Amino acid sequence: MQSEATYRGAVYPWHCDHVGHMNVMWYVGKFDEATWNLFARIGLTPTYLRECGRGMAAVQQNITYQRELLAGDIVEVKSVLLEIRDRSIRFRHEMRNAETGEIAASCEITGVHMERQARKSVIFADAIRRTAARLIASPEPAEA
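Residues numbered from 1 in each chain as written. Predicted model: local features only at pLDDT ≥ 70, side-chain atom pairs only at ≥ 80, totals over all residues. Heavy atoms only, no water.

Peer 1: Would you mind going over the overall build of the protein with me for this structure?
Peer 2: Check the secondary structure of the protein and you find three helices and six strands. Counting from the amino terminus, helix and strand elements in the protein follow one another as β-α-α-β-β-β-β-β-α. Dimensions of the protein along its principal axes, counting C-alpha atoms only, are 45 × 45 × 20 Å. Across the 144 residues that make up the protein, the buried fraction comes to 37%. Here the contacts in the protein between residues at least 6 apart in sequence split such that 69% fall between residues at least 24 apart. Just so you have it, the protein exposes about 8600 Å², and 49% of that area is on carbon and sulfur atoms. (Helix = DSSP H or I, 4+ residues; strand = E, 2+ residues; numbered from the N terminus. Buried < 20%, exposed > 50% of the residue type's maximum accessible area, 1.4 Å probe, protein only. Contact = heavy atoms within 4.5 Å. Areas by Shrake-Rupley, 256 points an atom, 1.4 Å probe, with all protein chains shown as cover.)

Pasting the structure below:
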């Protein structure tokens, strides 16, 4: 799967910290919004989650900050699936300054599929696993 846009937005002045850069809480928030758009593409829609009593929980999230984003910058997040297992999924987001194309931050997340009442992990539905498997990113070729 090629990475696809899962979030587009802008940096507003209230997103910035005391030194004028977008604060880390907003990076996490924008990555979270991208996550829900990515999940919907594989069938983990709000309707599915509500009707089936399911949920998703992030169990690991690693963010790399590369360039600052400032008030007024426009932002695009592209996402790619890396792995799907019976009960978990791993994916990567890349946030760019949409004007310059520069990578501002990247984030890799592992999430677990849960039964909300029991608060226990459960196996993904076959249709979700099949859809996700078709969208898994191809490994990058090794450099010579």
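Peer 1: It is not clear to me how the pairing of strand β5 (residues 103-115) should be interpreted in this structure. Could you clarify?
Peer 2: Where burial is concerned, most of β5 is hidden: ten out of the 13 residues are buried. Summarising the sheet, strand β2 (residues 54-65) and β5 pair through eleven bridges and their orientation is antiparallel. If you follow Gln60 over to β5, its bridge partner there is Thr110. Two elements, strand β4 (residues 88-97) and β5, share nine bridges in a ladder whose sense is antiparallel. Note that in β5 the partner of Met95 across the bridge is Ala105. Counting the residues between successive antiparallel strands, the hairpin from β4 to β5 contains five residues, one of them, Gly101, with a positive phi of roughly 80°. Where β5 and strand β6 (residues 120-121) come together, two bridges link them in antiparallel fashion. (Pairing = 2+ DSSP bridges.)

Peer 1: Looking at this structure, I do not really get the packing of aromatic side chains. What am I missing?
Peer 2: For any two aromatic rings, the description comes down to two numbers: the centre-to-centre distance and the angle of the planes. One pass over the full model with this rule turns up four aromatic pairs. Centre to centre, the rings of Tyr27 and Tyr65 are 5.1 Å apart; their planes meet at 85°, and the pair counts as edge-to-face. Of the two residues, Tyr27 is situated in helix α1 (residues 24-41) and Tyr65 in strand β2; the sequence distance between them amounts to 38 residues. Classification of Tyr27 as buried rests on a relative accessible area of 4%. An angle of 80° between the planes, with centres 5.5 Å apart, marks the rings of Phe39 and Phe91 as edge-to-face. Of this pair, Phe39 sits in helix α1 while Phe91 sits in strand β4, and the two are 52 residues apart along the sequence. (Phe/Tyr/Trp six-rings, centres within 6.5 Å; stacked < 30°, edge-to-face > 60°.)

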